[in-house]
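Residues per chain are reported as follows:
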2 protein chains.
Amino acid sequence: MKAAERRQNLKEALITAAERTIARQGLHGLRARDLADKVGCAVGAIYNVVADLDELILLVNSRTIAALERALTKAAEADARLVGPEGAIERLERLSMVYTDFAATNTLRWRALYEHRLPEDYPLPAWYSEELMRVFSYVEGPLRMLQPDAPPERVELIARSLFSAVHGIVSLGLEEKLYSLPLTSLREQVIFVVSAVGRGLMLSAEKTVGGRIDR
Amino acid sequence: MKAAERRQNLKEALITAAERTIARQGLHGLRARDLADKVGCAVGAIYNVVADLDELILLVNSRTIAALERALTKAAEADARLVGPEGAIERLERLSMVYTDFAATNTLRWRALYEHRLPEDYPLPAWYSEELMRVFSYVEGPLRMLQPDAPPERVELIARSLFSAVHGIVSLGLEEKLYSLPLTSLREQVIFVVSAVGRGLMLSAEKTVGGRIDR
């Protein structure tokens, strides 16, 4: 086995070990010492394959985003049959359910996406920002169906707002101590907000088409 | 000075010192050693007046909630003139702006409200839950104006959904690394979602009054 291959294998093993720790104990359970024990390397060897634990966490988060994306792609493909404004609203509702269920099922891995705060002087790597932006893009398709005449920047902004609104409900709803909300209520709350926003967009698009000035 | 009074003074001094640290460095900057130095007591003396740092953080958070409540009360009083469904939507929009501006102005103190996670075996004190619930109650007034026939549990649930949706937008919007969103855009996004939800509620109440079955 060549050195480059060994390095790559060690890196993958470390990501997997960190992923398991995060899935079981959350971000705060992560220690370089434990990871080294788990993959059977020296603590110092970790820093031959990643710059620091922050990079390792970003690599774990990248896997979490990829898993979320697979679920979103599957839903988007199944929803291709839904057309028209009502269909677009249903698509948005279904995508929001994918997100809600993903968070409820993979709570600690999902929470690590948001809890992990990089040091001040540590810029967010471009590859990571691109992955995050790809998640928003799933929401943009149905939004364009609802607001066909809106400029792309507006669609992007609405996609972020809607994503953030859903994220807020899921995020506070899964904090058992604050709410203790069963998953069915959480899903209902998300559907309620997504559907209201969808209907609001549909109405404002109709108004624009009718030549009236939208509020 | 009596012992009880000395204890109370030390407790207040510790809360103030912790509040300042959180406002400047966030929750992660908090150390018992530093707090003791700041108020001029022994580290052990801290635990004569609070059970642990978790309790101290809850007391700081309680002050933050009180400051938010003062801002919400002021807005609610000024908005008493707004009547009817359109007035109710405007009240919701204005309350959401109070929340957005409070979070943008007191970001680290506000973030501590959500970041502070109590240990598994540490129940959320009843007084703290009550304070949190009081914040939701500001949203319930205008919602009752929009859905006068809805049962109180439904109004409560909608209040939480709307609060959480606004919180999500503000929370992700203030994470500079993810978005880098100027405050004006953030405010626009919040208004957009609150107004859409408000309009959705207004329409569904009209439908119910008209005798049609609401979706």
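The sections below set out a description of the structure shown in this document. (Residues numbered from 1 in each chain as written. Chains lettered and ligands numbered in written order. Predicted model: local features only at pLDDT ≥ 70, side-chain atom pairs only at ≥ 80, totals over all residues. Heavy atoms only, no water.)

Describing the interface of chain B and chain A
With 40 residues of chain B at the contact, the number on the chain A side is 40 residues. Buried surface at the junction of chain B and chain A, both sides included, amounts to about 3400 Å², of which 62% is carbon and sulfur. Counting every contact that joins chain B to chain A gives 0 salt bridges. The interface formed by chain B and chain A includes 2 residue pairs in polar contact (both at pLDDT 80 or more). Of all the elements, helix 8 (residues 152–173) of chain B adds the most residues to the side of chain B that touches chain A, at 12 residues. Of the residues assigned to the side of chain B that touches chain A, the class counts are 23 nonpolar, 6 polar and 11 charged. (Contact = heavy atoms within 4.5 Å. Buried area = accessible area lost by both parts, 1.4 Å probe. Salt bridge = Lys/Arg side-chain N within 4 Å of Asp/Glu carboxyl O. Polar contact = N/O pair within 3.5 Å; in protein donor to acceptor, adjacent residues only side chain to side chain. Helix = DSSP H or I, 4+ residues; strand = E, 2+ residues; numbered from the N terminus. Nonpolar A, V, L, I, M, F, W, Y, C, P; charged D, E, K, R; others polar.)

As for the packing of helix 1 (residues 3–25) of chain B against helix 2 (residues 32–39) of chain B
All names here are of chain B. Put simply, helix 1 and helix 2 touch, their axes get as near as 9 Å, and they point 120° apart. By the angle between their axes, helix 1 is oblique relative to helix 2. Taken as a pair, helix 1 and helix 2 cross one another with a handedness that is right-handed. Between helix 1 and helix 2, the contacting residues are Leu 10, Ala 13, Leu 14, Ala 17, Ala 18 and Thr 21 on the first element and Leu 35, Lys 38 and Val 39 on the second. Looking at the contact of helix 1 with helix 2 residue by residue, the classes come out as 7 nonpolar, 1 polar and 1 charged. (Axes fitted to C-alpha atoms, helices over the stretch in contact; angles between N-to-C directions. Parallel < 35°, antiparallel > 145°, perpendicular 65-115°, else oblique. Left-handed = near helix turned anticlockwise from the far one by under 90°.)

A short note on the nonpolar core
By size, the foremost hydrophobic cluster in this structure holds 98 residues, and its most contacted members are Leu143(A), Val197(A), Leu143(B) and Val197(B). Leu143(B) has contacts with Leu92(B), Val155(B), Ile158(B), Ala159(B), Leu162(B) and Leu201(B), leaving out every residue within four places of it along the chain. One finds Ile15(A), Leu35(A), Ala36(A) and Ala112(A) within the second-largest nonpolar core, a separate group that totals 21 residues. (Core = buried A, V, L, I, M, F, W, Y, C linked by side-chain atoms within 4.5 Å. Buried < 20%, exposed > 50% of the residue type's maximum accessible area, 1.4 Å probe, protein only.)

A few points about the packing of aromatic side chains
For the coordinates displayed, the defined rule picks out 10 aromatic pairs over all chains. Between Tyr99(B) and Trp110(B), the aromatic rings sit 6.4 Å apart at their centres with planes inclined by 75°, giving edge-to-face as the arrangement. You can see Tyr99(B) sitting in helix 5 (residues 84–105) and its partner Trp110(B) sitting in helix 6 (residues 107–115), a full 11 residues away along the chain. In textbook terms, an aromatic cluster arises when at least three aromatic residues are bridged by ring pairs, as seen for Tyr99(A), Trp110(A), Tyr114(A), Phe136(A) and Phe163(A). (Phe/Tyr/Trp six-rings, centres within 6.5 Å; stacked < 30°, edge-to-face > 60°.)

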